[in-house]
Amino acid sequence: MSTYSTSQFKNGLKILLDGDPYNIVENEIVKPGKGQAFNRVKVKNLKTGRTIEKTFKSGEKVDGADVMETEMQYLYTDGEFYHFMDPNSFEQFEAGLAAVEDCIKWLKEEDMCTVTLWNNSPLSVEPPNFVELKITETDPGVRGDTSGGGSKPATLETGAVVQVPLFVPEGEIIKVDTRSGEYVGRVKK
Amino acid sequence: MPECPLDAVQQRAFLYRHIRQFFAERQVMEVETPVLSNHANTDVQIEVFQTQGITDDASTAYLRTSPEFFHKRLLAAGGGDIYEIAKVFRLGESSRRHNPEFTLLEWYRLDWTLFDLMDEVAVLMQSTLNAFGWPKAEVKHISYVDLCQLHLGFNPLANEKEELNRSCQEHGYHGDAMSHSQCLDFLFAVVIEPKLNPNELLFVYHFPASQAALAQINPEDPSTCLRFELMWQGLELANGYQELTDAEEQRQRFEQDNQTRSAMNKPTLPYDAHLLAAMASGLPACSGVALGLDRLLMKLLKTESLAGVLPFPTNRA
(Lines give C-alpha, C1' and ligand atoms only; values in the text may rest on other atoms or scores of the structure.)
Protein backbone atom coordinates (compact mmCIF):
# COMPACT_ATOMS: atom_id res chain seq x y z
CA MET A 1 0.00 0.00 0.00
CA SER A 2 1.19 3.53 -0.76
CA THR A 3 1.91 5.98 2.06
CA TYR A 4 2.09 9.74 1.83
CA SER A 5 3.90 12.29 3.95
CA THR A 6 1.97 15.41 4.89
CA SER A 7 4.35 17.34 2.63
CA GLN A 8 2.75 15.50 -0.30
CA PHE A 9 -0.78 16.50 0.73
CA LYS A 10 -2.68 18.24 -2.02
CA ASN A 11 -6.24 18.56 -3.17
CA GLY A 12 -7.51 15.35 -4.74
CA LEU A 13 -5.12 13.03 -2.88
CA LYS A 14 -6.94 9.90 -1.65
CA ILE A 15 -6.01 8.77 1.85
CA LEU A 16 -7.19 6.12 4.29
CA LEU A 17 -8.42 7.25 7.71
CA ASP A 18 -9.89 4.88 10.30
CA GLY A 19 -10.44 2.35 7.52
CA ASP A 20 -12.40 4.65 5.21
CA PRO A 21 -11.18 6.24 1.97
CA TYR A 22 -11.09 10.04 1.94
CA ASN A 23 -10.38 12.70 -0.67
CA ILE A 24 -8.42 15.78 0.43
CA VAL A 25 -10.36 18.89 -0.53
CA GLU A 26 -8.37 21.52 1.40
CA ASN A 27 -4.90 21.49 2.97
CA GLU A 28 -3.43 24.21 5.15
CA ILE A 29 -0.18 24.34 7.11
CA VAL A 30 -0.52 25.74 10.62
CA LYS A 31 2.83 26.54 12.23
CA PRO A 32 3.14 28.39 15.50
CA GLY A 33 6.31 30.51 15.42
CA LYS A 34 7.85 28.52 18.24
CA GLY A 35 6.09 25.23 17.97
CA GLN A 36 5.01 22.07 16.24
CA ALA A 37 3.77 22.46 12.65
CA PHE A 38 0.47 20.87 11.64
CA ASN A 39 -1.40 20.16 8.43
CA ARG A 40 -5.07 20.99 8.82
CA VAL A 41 -7.08 19.32 6.08
CA LYS A 42 -10.68 19.10 5.00
CA VAL A 43 -11.38 15.59 3.79
CA LYS A 44 -14.43 14.07 2.15
CA ASN A 45 -15.41 10.54 3.03
CA LEU A 46 -15.77 8.79 -0.31
CA LYS A 47 -18.24 6.28 1.11
CA THR A 48 -20.61 8.65 2.89
CA GLY A 49 -19.88 11.93 1.11
CA ARG A 50 -19.46 13.69 4.46
CA THR A 51 -16.71 16.31 4.77
CA ILE A 52 -14.80 16.56 8.04
CA GLU A 53 -11.73 18.42 9.33
CA LYS A 54 -8.66 16.55 10.51
CA THR A 55 -5.26 17.76 11.67
CA PHE A 56 -1.95 15.92 11.37
CA LYS A 57 1.48 16.68 12.75
CA SER A 58 3.54 17.87 9.81
CA GLY A 59 5.93 15.14 8.69
CA GLU A 60 3.57 12.29 9.68
CA LYS A 61 2.89 9.52 7.20
CA VAL A 62 -0.62 8.52 6.17
CA ASP A 63 -1.77 5.48 4.21
CA GLY A 64 -3.02 6.16 0.73
CA ALA A 65 -6.42 4.83 -0.31
CA ASP A 66 -6.16 2.59 -3.33
CA VAL A 67 -8.79 4.46 -5.29
CA MET A 68 -9.03 4.32 -9.07
CA GLU A 69 -11.29 6.04 -11.55
CA THR A 70 -12.31 3.92 -14.53
CA GLU A 71 -14.54 4.56 -17.52
CA MET A 72 -17.29 1.95 -17.50
CA GLN A 73 -20.52 1.09 -19.15
CA TYR A 74 -23.73 0.97 -17.11
CA LEU A 75 -25.40 -2.36 -17.85
CA TYR A 76 -28.61 -2.74 -15.83
CA THR A 77 -30.08 -2.88 -12.35
CA ASP A 78 -31.55 -5.97 -10.78
CA GLY A 79 -33.55 -3.81 -8.39
CA GLU A 80 -30.99 -4.05 -5.58
CA PHE A 81 -27.63 -3.62 -7.28
CA TYR A 82 -26.43 -1.66 -10.24
CA HIS A 83 -24.15 -3.44 -12.67
CA PHE A 84 -21.25 -1.87 -14.57
CA MET A 85 -18.68 -3.27 -16.97
CA ASP A 86 -15.13 -2.25 -17.80
CA PRO A 87 -15.21 -2.28 -21.64
CA ASN A 88 -11.52 -3.15 -21.85
CA SER A 89 -11.42 -6.14 -19.52
CA PHE A 90 -15.14 -6.98 -19.72
CA GLU A 91 -14.93 -7.31 -15.93
CA GLN A 92 -18.24 -6.58 -14.23
CA PHE A 93 -18.82 -4.71 -10.96
CA GLU A 94 -21.93 -4.27 -8.86
CA ALA A 95 -22.64 -1.09 -6.93
CA GLY A 96 -25.07 -0.47 -4.11
CA LEU A 97 -27.57 2.35 -4.07
CA ALA A 98 -25.26 4.62 -1.99
CA ALA A 99 -22.66 4.68 -4.77
CA VAL A 100 -25.12 5.58 -7.54
CA GLU A 101 -27.72 7.59 -5.65
CA ASP A 102 -26.80 11.00 -7.07
CA CYS A 103 -26.20 9.91 -10.64
CA ILE A 104 -28.36 7.00 -11.64
CA LYS A 105 -31.15 9.31 -12.75
CA TRP A 106 -28.89 10.45 -15.60
CA LEU A 107 -27.87 6.99 -16.82
CA LYS A 108 -29.67 4.66 -19.18
CA GLU A 109 -28.46 1.19 -20.01
CA GLU A 110 -25.27 1.06 -22.10
CA ASP A 111 -24.30 4.66 -21.21
CA MET A 112 -20.67 5.34 -20.30
CA CYS A 113 -19.77 6.82 -16.90
CA THR A 114 -16.83 7.20 -14.50
CA VAL A 115 -16.74 4.64 -11.72
CA THR A 116 -14.49 5.18 -8.71
CA LEU A 117 -13.24 1.84 -7.47
CA TRP A 118 -11.85 1.23 -3.99
CA ASN A 119 -10.49 -2.23 -3.26
CA ASN A 120 -12.16 -3.27 -6.50
CA SER A 121 -15.65 -2.23 -5.47
CA PRO A 122 -17.49 0.87 -6.75
CA LEU A 123 -17.49 3.77 -4.31
CA SER A 124 -19.16 6.32 -6.49
CA VAL A 125 -20.32 6.80 -10.05
CA GLU A 126 -20.12 10.03 -12.02
CA PRO A 127 -22.27 10.57 -15.10
CA PRO A 128 -20.80 12.40 -18.12
CA ASN A 129 -21.09 16.20 -17.83
CA PHE A 130 -23.68 16.17 -20.62
CA VAL A 131 -26.25 13.47 -21.38
CA GLU A 132 -28.84 13.19 -24.14
CA LEU A 133 -32.16 11.79 -22.97
CA LYS A 134 -35.69 11.48 -24.34
CA ILE A 135 -38.64 13.27 -22.73
CA THR A 136 -41.24 10.65 -21.81
CA GLU A 137 -43.74 12.97 -20.17
CA THR A 138 -44.44 16.68 -20.22
CA ASP A 139 -47.35 19.06 -20.77
CA PRO A 140 -48.17 19.68 -24.44
CA GLY A 141 -45.78 22.09 -26.11
CA VAL A 142 -46.87 25.63 -26.83
CA ARG A 143 -46.11 25.82 -30.52
CA GLY A 144 -44.39 28.94 -31.72
CA ASP A 145 -43.47 30.11 -28.23
CA THR A 146 -39.67 30.24 -28.53
CA SER A 147 -39.29 33.40 -26.50
CA GLY A 148 -37.83 31.39 -23.65
CA GLY A 149 -40.08 33.14 -21.21
CA GLY A 150 -41.37 30.24 -19.16
CA SER A 151 -40.54 26.66 -18.32
CA LYS A 152 -42.29 23.45 -17.35
CA PRO A 153 -41.20 20.17 -15.77
CA ALA A 154 -40.37 17.27 -18.07
CA THR A 155 -39.79 13.65 -17.06
CA LEU A 156 -36.97 11.91 -18.92
CA GLU A 157 -36.63 8.23 -19.88
CA THR A 158 -34.38 7.62 -16.87
CA GLY A 159 -36.91 9.14 -14.46
CA ALA A 160 -35.05 12.43 -13.94
CA VAL A 161 -37.20 15.56 -13.98
CA VAL A 162 -35.78 18.76 -15.51
CA GLN A 163 -37.21 22.16 -16.32
CA VAL A 164 -37.53 22.69 -20.08
CA PRO A 165 -38.83 25.65 -22.14
CA LEU A 166 -42.57 25.63 -22.86
CA PHE A 167 -42.14 24.83 -26.58
CA VAL A 168 -40.31 21.51 -26.07
CA PRO A 169 -42.68 18.57 -26.75
CA GLU A 170 -42.90 15.04 -25.40
CA GLY A 171 -40.78 12.51 -27.32
CA GLU A 172 -38.03 15.07 -27.96
CA ILE A 173 -34.40 14.22 -27.12
CA ILE A 174 -32.72 16.92 -25.07
CA LYS A 175 -29.21 17.62 -23.81
CA VAL A 176 -28.84 18.14 -20.02
CA ASP A 177 -25.89 19.35 -17.94
CA THR A 178 -25.71 16.75 -15.16
CA ARG A 179 -23.65 19.03 -12.87
CA SER A 180 -26.43 21.61 -12.63
CA GLY A 181 -29.35 19.45 -13.73
CA GLU A 182 -30.22 22.13 -16.29
CA TYR A 183 -31.63 21.85 -19.80
CA VAL A 184 -29.03 22.81 -22.40
CA GLY A 185 -30.88 22.36 -25.71
CA ARG A 186 -32.75 20.09 -28.09
CA VAL A 187 -30.81 17.39 -29.94
CA LYS A 188 -31.52 17.27 -33.65
CA LYS A 189 -31.60 13.65 -34.73
CA MET B 1 7.92 39.20 -14.24
CA PRO B 2 7.47 39.66 -10.49
CA GLU B 3 4.90 37.44 -8.81
CA CYS B 4 3.22 40.28 -6.89
CA PRO B 5 1.91 43.56 -8.31
CA LEU B 6 4.46 46.39 -8.48
CA ASP B 7 2.15 48.30 -6.19
CA ALA B 8 3.02 45.83 -3.41
CA VAL B 9 6.73 46.50 -3.99
CA GLN B 10 6.08 50.23 -3.60
CA GLN B 11 3.93 49.65 -0.51
CA ARG B 12 6.78 47.70 1.07
CA ALA B 13 9.13 50.63 0.50
CA PHE B 14 6.52 52.89 2.11
CA LEU B 15 6.17 50.52 5.10
CA TYR B 16 9.94 50.42 5.66
CA ARG B 17 10.16 54.22 5.44
CA HIS B 18 7.36 54.44 8.00
CA ILE B 19 9.14 52.01 10.36
CA ARG B 20 12.48 53.80 10.06
CA GLN B 21 10.79 57.13 10.78
CA PHE B 22 9.05 55.59 13.82
CA PHE B 23 12.32 54.43 15.36
CA ALA B 24 14.28 57.53 14.38
CA GLU B 25 11.78 59.59 16.38
CA ARG B 26 12.35 57.32 19.36
CA GLN B 27 16.17 57.28 19.23
CA VAL B 28 16.30 53.55 18.48
CA MET B 29 19.34 52.86 16.30
CA GLU B 30 19.15 50.81 13.11
CA VAL B 31 21.78 48.05 12.98
CA GLU B 32 22.87 45.48 10.45
CA THR B 33 24.15 42.07 11.59
CA PRO B 34 25.37 38.96 9.73
CA VAL B 35 23.09 36.65 7.82
CA LEU B 36 25.75 33.94 7.77
CA SER B 37 26.96 32.59 11.11
CA ASN B 38 29.27 29.95 12.57
CA HIS B 39 26.52 29.16 15.07
CA ALA B 40 22.95 27.99 14.81
CA ASN B 41 19.64 28.43 16.51
CA THR B 42 19.08 25.20 18.48
CA ASP B 43 15.28 25.68 18.69
CA VAL B 44 13.80 22.22 18.21
CA GLN B 45 10.93 23.36 16.00
CA ILE B 46 13.02 25.43 13.60
CA GLU B 47 15.07 23.93 10.78
CA VAL B 48 18.27 25.78 9.91
CA PHE B 49 19.78 26.22 6.43
CA GLN B 50 23.40 25.05 6.27
CA THR B 51 26.18 25.92 3.88
CA GLN B 52 30.02 25.69 3.53
CA GLY B 53 32.05 26.69 6.56
CA ILE B 54 33.28 30.26 6.77
CA THR B 55 36.70 29.50 8.24
CA ASP B 56 39.17 26.64 7.68
CA ASP B 57 38.38 24.92 10.96
CA ALA B 58 34.60 24.97 10.58
CA SER B 59 32.99 22.69 8.02
CA THR B 60 29.53 24.21 8.21
CA ALA B 61 28.03 27.67 8.43
CA TYR B 62 24.40 28.53 9.10
CA LEU B 63 21.91 31.06 7.80
CA ARG B 64 20.35 32.89 10.70
CA THR B 65 16.77 32.12 11.69
CA SER B 66 16.65 35.39 13.64
CA PRO B 67 19.12 38.21 14.32
CA GLU B 68 18.62 38.03 18.08
CA PHE B 69 21.97 36.45 19.08
CA PHE B 70 23.87 39.24 17.31
CA HIS B 71 21.56 41.86 18.78
CA LYS B 72 22.18 40.60 22.31
CA ARG B 73 25.93 40.69 21.71
CA LEU B 74 25.54 44.33 20.68
CA LEU B 75 23.37 45.06 23.74
CA ALA B 76 25.94 43.48 26.07
CA ALA B 77 28.61 45.68 24.47
CA GLY B 78 26.55 48.78 25.31
CA GLY B 79 24.76 49.18 22.00
CA GLY B 80 21.66 50.74 23.55
CA ASP B 81 18.18 50.47 21.99
CA ILE B 82 18.50 48.90 18.55
CA TYR B 83 16.41 47.55 15.69
CA GLU B 84 16.99 45.73 12.44
CA ILE B 85 14.94 44.96 9.36
CA ALA B 86 16.41 41.51 8.99
CA LYS B 87 16.26 38.82 6.33
CA VAL B 88 16.00 35.43 8.05
CA PHE B 89 15.77 31.84 6.80
CA ARG B 90 13.86 28.80 8.01
CA LEU B 91 14.10 25.56 6.08
CA GLY B 92 10.94 23.79 4.98
CA GLU B 93 8.48 26.48 5.99
CA SER B 94 6.50 27.03 2.85
CA SER B 95 2.78 27.76 2.63
CA ARG B 96 0.36 30.57 1.96
CA ARG B 97 1.64 32.18 5.15
CA HIS B 98 5.24 30.93 5.17
CA ASN B 99 8.20 31.56 2.89
CA PRO B 100 11.58 29.98 3.72
CA GLU B 101 13.23 33.40 3.36
CA PHE B 102 11.39 36.22 5.10
CA THR B 103 11.84 39.58 6.78
CA LEU B 104 11.62 40.29 10.49
CA LEU B 105 11.55 43.64 12.19
CA GLU B 106 13.41 42.94 15.42
CA TRP B 107 13.99 45.46 18.16
CA TYR B 108 15.24 45.69 21.74
CA ARG B 109 14.49 48.13 24.55
CA LEU B 110 16.79 48.40 27.56
CA ASP B 111 15.19 48.26 31.02
CA TRP B 112 11.73 47.78 29.53
CA THR B 113 9.31 45.17 30.85
CA LEU B 114 7.27 42.88 28.63
CA PHE B 115 4.28 45.17 29.12
CA ASP B 116 6.22 48.32 28.18
CA LEU B 117 7.23 46.64 24.93
CA MET B 118 3.68 45.44 24.17
CA ASP B 119 2.57 49.06 24.46
CA GLU B 120 5.18 50.18 21.95
CA VAL B 121 4.22 47.39 19.53
CA ALA B 122 0.61 48.61 19.80
CA VAL B 123 1.67 52.20 19.05
CA LEU B 124 3.70 51.08 16.02
CA MET B 125 0.79 48.97 14.78
CA GLN B 126 -1.77 51.77 15.19
CA SER B 127 0.44 54.27 13.36
CA THR B 128 1.07 51.74 10.59
CA LEU B 129 -2.63 50.93 10.24
CA ASN B 130 -3.31 54.66 10.02
CA ALA B 131 -0.59 55.13 7.38
CA PHE B 132 -2.19 52.40 5.27
CA GLY B 133 -5.70 53.81 5.59
CA TRP B 134 -6.99 51.30 8.11
CA PRO B 135 -9.25 52.34 11.00
CA LYS B 136 -7.86 52.37 14.52
CA ALA B 137 -7.91 48.85 15.96
CA GLU B 138 -9.07 47.86 19.41
CA VAL B 139 -6.14 46.72 21.57
CA LYS B 140 -6.70 43.83 23.97
CA HIS B 141 -4.42 42.03 26.40
CA ILE B 142 -5.11 38.58 27.76
CA SER B 143 -2.94 35.98 29.47
CA TYR B 144 -2.39 32.64 27.75
CA VAL B 145 -4.23 30.78 30.51
CA ASP B 146 -7.22 33.17 30.43
CA LEU B 147 -7.40 32.87 26.64
CA CYS B 148 -7.50 29.08 26.97
CA GLN B 149 -10.19 29.28 29.67
CA LEU B 150 -12.22 31.50 27.38
CA HIS B 151 -12.02 29.36 24.23
CA LEU B 152 -11.33 25.84 25.52
CA GLY B 153 -13.11 26.02 28.86
CA PHE B 154 -10.09 24.72 30.79
CA ASN B 155 -6.52 25.57 31.73
CA PRO B 156 -4.28 23.24 29.71
CA LEU B 157 -1.30 23.91 32.02
CA ALA B 158 -3.24 22.23 34.83
CA ASN B 159 -3.96 19.12 32.74
CA GLU B 160 -1.94 15.96 32.21
CA LYS B 161 -0.95 15.15 28.65
CA GLU B 162 -3.45 12.24 28.43
CA GLU B 163 -6.32 14.65 29.00
CA LEU B 164 -4.86 17.12 26.53
CA ASN B 165 -4.49 14.42 23.88
CA ARG B 166 -8.14 13.51 24.35
CA SER B 167 -9.13 17.11 23.85
CA CYS B 168 -6.94 17.39 20.73
CA GLN B 169 -8.61 14.29 19.28
CA GLU B 170 -12.03 15.78 19.96
CA HIS B 171 -10.88 18.74 17.90
CA GLY B 172 -9.86 16.60 14.93
CA TYR B 173 -6.27 15.58 15.71
CA HIS B 174 -5.35 12.38 13.88
CA GLY B 175 -2.17 10.54 14.82
CA ASP B 176 -0.09 9.17 17.68
CA ALA B 177 -0.29 10.70 21.15
CA MET B 178 1.54 14.00 21.37
CA SER B 179 3.76 15.48 24.05
CA HIS B 180 2.29 18.02 26.47
CA SER B 181 3.96 20.83 24.55
CA GLN B 182 2.73 19.59 21.16
CA CYS B 183 -0.81 19.41 22.56
CA LEU B 184 -0.48 23.04 23.66
CA ASP B 185 0.66 23.99 20.13
CA PHE B 186 -2.31 22.15 18.64
CA LEU B 187 -4.88 23.70 20.96
CA PHE B 188 -3.49 27.19 20.41
CA ALA B 189 -2.89 27.11 16.65
CA VAL B 190 -5.67 24.84 15.46
CA VAL B 191 -8.48 25.40 17.97
CA ILE B 192 -8.07 28.87 19.48
CA GLU B 193 -6.53 30.96 16.68
CA PRO B 194 -9.44 30.56 14.24
CA LYS B 195 -11.83 31.82 16.96
CA LEU B 196 -10.08 35.13 17.53
CA ASN B 197 -11.56 38.44 16.41
CA PRO B 198 -9.41 39.38 13.39
CA ASN B 199 -9.80 43.12 13.87
CA GLU B 200 -8.41 43.27 17.39
CA LEU B 201 -4.76 43.78 18.14
CA LEU B 202 -4.69 40.92 20.61
CA PHE B 203 -1.66 40.60 22.89
CA VAL B 204 -1.44 37.15 24.46
CA TYR B 205 1.10 37.14 27.29
CA HIS B 206 2.60 34.74 29.85
CA PHE B 207 3.05 31.75 27.56
CA PRO B 208 3.75 28.33 29.15
CA ALA B 209 7.23 28.01 30.67
CA SER B 210 7.82 25.01 28.38
CA GLN B 211 7.63 27.46 25.45
CA ALA B 212 9.88 30.12 26.96
CA ALA B 213 12.55 29.90 24.22
CA LEU B 214 14.71 32.91 25.19
CA ALA B 215 12.27 34.54 27.61
CA GLN B 216 12.57 34.81 31.39
CA ILE B 217 10.47 32.50 33.52
CA ASN B 218 7.69 34.47 35.19
CA PRO B 219 8.96 35.12 38.75
CA GLU B 220 5.36 35.27 40.03
CA ASP B 221 4.27 32.01 38.37
CA PRO B 222 7.03 29.62 37.27
CA SER B 223 4.56 27.65 35.09
CA THR B 224 4.57 30.60 32.68
CA CYS B 225 7.18 32.84 31.09
CA LEU B 226 7.56 36.50 30.15
CA ARG B 227 6.71 36.03 26.48
CA PHE B 228 3.93 37.52 24.37
CA GLU B 229 2.53 37.13 20.91
CA LEU B 230 0.54 39.65 18.91
CA MET B 231 -2.38 38.22 16.96
CA TRP B 232 -4.02 40.26 14.20
CA GLN B 233 -6.17 39.23 11.23
CA GLY B 234 -5.89 35.58 12.26
CA LEU B 235 -2.09 35.60 12.14
CA GLU B 236 0.71 35.48 14.66
CA LEU B 237 2.36 38.74 13.77
CA ALA B 238 4.91 39.31 16.52
CA ASN B 239 6.64 37.38 19.27
CA GLY B 240 8.31 39.17 22.18
CA TYR B 241 10.28 38.35 25.32
CA GLN B 242 11.43 39.95 28.47
CA GLU B 243 14.82 38.54 27.74
CA LEU B 244 16.65 35.90 29.68
CA THR B 245 19.92 37.49 30.81
CA ASP B 246 21.40 34.63 32.85
CA ALA B 247 24.21 33.01 30.81
CA GLU B 248 24.14 29.75 32.75
CA GLU B 249 20.39 29.27 32.33
CA GLN B 250 20.77 30.12 28.63
CA ARG B 251 23.50 27.47 28.26
CA GLN B 252 21.24 24.91 29.93
CA ARG B 253 18.41 25.72 27.51
CA PHE B 254 20.73 25.30 24.51
CA GLU B 255 21.92 21.95 25.93
CA GLN B 256 18.33 20.89 26.58
CA ASP B 257 17.40 21.77 22.98
CA ASN B 258 20.23 19.61 21.69
CA GLN B 259 19.22 16.72 23.95
CA THR B 260 15.66 16.96 22.65
CA ARG B 261 17.05 17.12 19.10
CA SER B 262 19.03 13.93 19.67
CA ALA B 263 15.98 12.19 21.10
CA MET B 264 14.03 13.18 17.96
CA ASN B 265 16.84 11.99 15.66
CA LYS B 266 17.51 15.55 14.58
CA PRO B 267 21.09 16.83 14.28
CA THR B 268 22.46 18.70 17.28
CA LEU B 269 23.71 22.19 16.46
CA PRO B 270 26.64 24.32 17.65
CA TYR B 271 25.16 27.00 19.88
CA ASP B 272 26.59 30.47 20.10
CA ALA B 273 29.38 30.53 22.69
CA HIS B 274 29.98 34.21 21.89
CA LEU B 275 26.43 34.95 22.99
CA LEU B 276 26.96 33.09 26.28
CA ALA B 277 30.21 34.99 26.85
CA ALA B 278 28.45 38.27 26.14
CA MET B 279 25.66 37.34 28.55
CA ALA B 280 28.19 36.34 31.21
CA SER B 281 29.91 39.71 30.84
CA GLY B 282 26.52 41.36 31.43
CA LEU B 283 23.49 41.54 29.16
CA PRO B 284 21.46 44.50 30.42
CA ALA B 285 17.84 43.94 31.43
CA CYS B 286 15.80 44.31 28.23
CA SER B 287 12.78 43.23 26.24
CA GLY B 288 12.84 42.38 22.57
CA VAL B 289 10.33 41.53 19.86
CA ALA B 290 10.29 40.23 16.29
CA LEU B 291 7.49 41.22 13.94
CA GLY B 292 6.93 39.48 10.58
CA LEU B 293 6.93 42.21 7.96
CA ASP B 294 5.84 40.06 5.01
CA ARG B 295 2.77 38.91 6.91
CA LEU B 296 2.04 42.43 8.11
CA LEU B 297 2.25 43.79 4.56
CA MET B 298 0.13 40.90 3.26
CA LYS B 299 -2.68 41.77 5.66
CA LEU B 300 -2.30 45.54 5.26
CA LEU B 301 -2.81 45.07 1.51
CA LYS B 302 -5.66 42.61 2.15
CA THR B 303 -4.14 39.76 0.19
CA GLU B 304 -4.51 36.19 1.43
CA SER B 305 -1.13 34.82 0.40
CA LEU B 306 2.48 35.93 0.76
CA ALA B 307 2.71 35.56 -3.01
CA GLY B 308 0.69 38.80 -3.08
CA VAL B 309 3.55 40.77 -1.51
CA LEU B 310 6.70 38.88 -2.54
CA PRO B 311 8.04 39.82 -5.98
CA PHE B 312 9.97 36.57 -6.12
CA PRO B 313 8.75 33.84 -3.72
CA THR B 314 11.21 31.00 -3.12
CA ASN B 315 9.82 28.79 -5.86
CA ARG B 316 10.58 31.58 -8.35
CA ALA B 317 13.69 33.07 -6.73
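For the structure, check the block above.
All of the points below concern the structure found in this document.

So, how was this worked out
- Residues numbered from 1 in each chain as written.
- Chains lettered and ligands numbered in written order.
- Predicted model: local features only at pLDDT ≥ 70, side-chain atom pairs only at ≥ 80, totals over all residues.
- Heavy atoms only, no water.
- Helix = DSSP H or I, 4+ residues; strand = E, 2+ residues; numbered from the N terminus.
- Rg over C-alpha atoms; globule rule 2.2 N^0.38 Å.
- Contact = heavy atoms within 4.5 Å.
- Areas by Shrake-Rupley, 256 points an atom, 1.4 Å probe, with all protein chains shown as cover.
- Lys, Arg positive; Asp, Glu negative; His and termini not counted.
- Charge placed at Lys NZ, Arg CZ, Asp CG, Glu CD.
- Buried < 20%, exposed > 50% of the residue type's maximum accessible area, 1.4 Å probe, protein only.
- Buried area = accessible area lost by both parts, 1.4 Å probe.
- Salt bridge = Lys/Arg side-chain N within 4 Å of Asp/Glu carboxyl O.
- Polar contact = N/O pair within 3.5 Å; in protein donor to acceptor, adjacent residues only side chain to side chain.
- Nonpolar A, V, L, I, M, F, W, Y, C, P; charged D, E, K, R; others polar.
- Pairing = 2+ DSSP bridges.
- Axes fitted to C-alpha atoms, helices over the stretch in contact; angles between N-to-C directions.
- Core = buried A, V, L, I, M, F, W, Y, C linked by side-chain atoms within 4.5 Å.
- Phe/Tyr/Trp six-rings, centres within 6.5 Å; stacked < 30°, edge-to-face > 60°.

Here we come to the overall build of chain B. A tally of helices and strands in chain B yields 9 helices and 11 strands. For chain B, the C-alpha radius of gyration of 20 Å lies close to 20 Å, the compact-globule estimate for 317 residues. The principal-axis extent of the C-alpha atoms belonging to chain B is close to 50 × 50 × 40 Å. Nonlocal contacts in chain B, meaning residues at least 24 apart in sequence, comprise 67% of its contacts between residues at least 6 apart. Only carbon and sulfur atoms are counted for the fraction: they give 51% of the accessible area of chain B, which is about 13,900 Å². Within chain B, one finds 26 positive and 42 negative side-chain charges whose respective centroids are separated by 6 Å.

Now for the overall build of chain A. A tally of helices and strands in chain A yields 1 helix and 16 strands. Against the compact-globule benchmark of 16 Å for 189 residues, chain A has a radius of gyration of 22 Å, which places it well outside the compact range. Its C-alpha atoms give chain A principal-axis dimensions of roughly 70 × 40 × 25 Å. Every one of the 189 residues in chain A was classed for burial, and the buried ones make up 45%. Considering only contacts within chain A whose residues lie at least 6 apart along the sequence, 45% involve residues at least 24 apart. Summing over all exposed atoms, chain A offers an accessible surface of approximately 10,200 Å²; the carbon and sulfur share of this is 45%. Within chain A, the 30 negative side-chain charges are centred at a point lying 9 Å from the centre of the 22 positive side-chain charges.

Glancing now at the interface of chain B and chain A. Between chain B and chain A, the contact holds 28 residues from the first and 19 residues from the second. Between chain B and chain A lies a buried interface of about 2,100 Å² when both sides are counted; carbon and sulfur atoms form 50% of it. Interface area lost by chain B to chain A is led by Gln45(B), His174(B) and Val190(B), which between them contribute 26%. Glu28(A) is the partner of Arg96(B) in a salt bridge, and the nearest nitrogen-oxygen pair spans 2.3 Å. Here chain B is connected to chain A by 8 residue pairs in polar contact (both at pLDDT 80 or more). Within the residue set of the side of chain B that touches chain A, elements represented by two or more residues are helix H6 (180-192) and strand S10 (235-242) of chain B. Classifying every residue of the side of chain B that touches chain A by side-chain character gives 10 nonpolar, 8 polar and 10 charged.

Residues and elements named next belong to chain A. If you walk across this open sheet you meet the 5 strands as S14-S13-S12-S15-S16, and the pairing is antiparallel. The outermost strands of the open sheet, each flanked by one partner alone, are strand S14 (161-165) and strand S16 (182-186). Taking each pair of neighbouring strands and ignoring which way they run, the sheet shows an average axis angle of 55°. When strand S13 (residues 151-156) meets S14, the two strands line up antiparallel, connected through 5 bridges. Bridge pairing in S14 places Pro153 opposite Gln163.

Grouped burial of nonpolar side chains is what soluble globular proteins tend to show. Residues and elements named next belong to chain B. The biggest cluster of nonpolar side chains holds 43 residues, and the ones touching the most others in it are Leu147, Phe186, Phe188 and Val204. Elements with a contribution of two residues or more to this core: helix H2 (68-76), helix H4 (144-152), helix H5 (161-170), H6, strand S8 (201-205), helix H7 (247-263) and helix H8 (273-282). Looking at which element gives the most residues to this core, the answer is H6, with 9 residues. Excluding anything up to four places from it in sequence, Leu147 contacts Ile142, Phe188, Ile192, Leu196, Leu202 and Val204. Listed in part, the 41 residues of the second largest apolar core include Leu105, Trp232, Leu237 and Leu293.

This brings us to the pattern of salt bridges. Per the counting criterion, the structure on display carries 27 salt bridges over all chains. The partner of Arg316(B) in a salt bridge is Glu3(B), and the shortest N-O contact between them spans 2.9 Å. With Arg316(B) in the segment after helix H9 (293-300) and Glu3(B) in the segment before helix H1 (6-25), the pair connects residues that are 313 residues apart, well separated along the chain. One salt bridge in this structure joins Arg12(B) and Asp294(B), with 2.8 Å as the shortest N-O distance. Pair noted here: Arg12(B) is in helix H1 and Asp294(B) is in helix H9, with a separation of 282 residues, a long-range link. A relative accessible area of 14% means that Arg12(B) is categorised as buried. Several salt bridges converge on common partners, so that one network encompasses Glu28(A), Arg40(A), Arg96(B), Lys299(B) and Glu304(B).

A few words on the packing of aromatic side chains. A complete count under the given rule lists 17 aromatic pairs over all chains for this structure. Here the aromatic rings of Phe38(A) and Phe186(B) are separated by 5.5 Å at their centres, their planes lie at 80°, and the arrangement is edge-to-face. Of this pair, Phe38(A) sits in strand S4 (residues 38-45) while Phe186(B) sits in helix H6, placing the two residues on different chains. Phe186(B) shares its class with Phe38(A); the two are buried. Aromatic pair Phe115(B) and Tyr205(B): ring centres 5.0 Å apart, planes at 65°, arrangement edge-to-face.

Turning our attention to unusual backbone geometry. Unlike most non-glycine residues, Asn119(A) shows phi in positive territory, near 50°. Take Asn119(A): it is sitting in the loop between strand S10 (112-118) and strand S11 (121-126). Residue Asn119(A) is classed as exposed on the basis of its relative accessible area of 56%. A positive phi angle, close to 55°, is found at Gln233(B), a residue other than glycine. Checked against the element boundaries, Gln233(B) lands in the loop between strand S9 (227-232) and S10.

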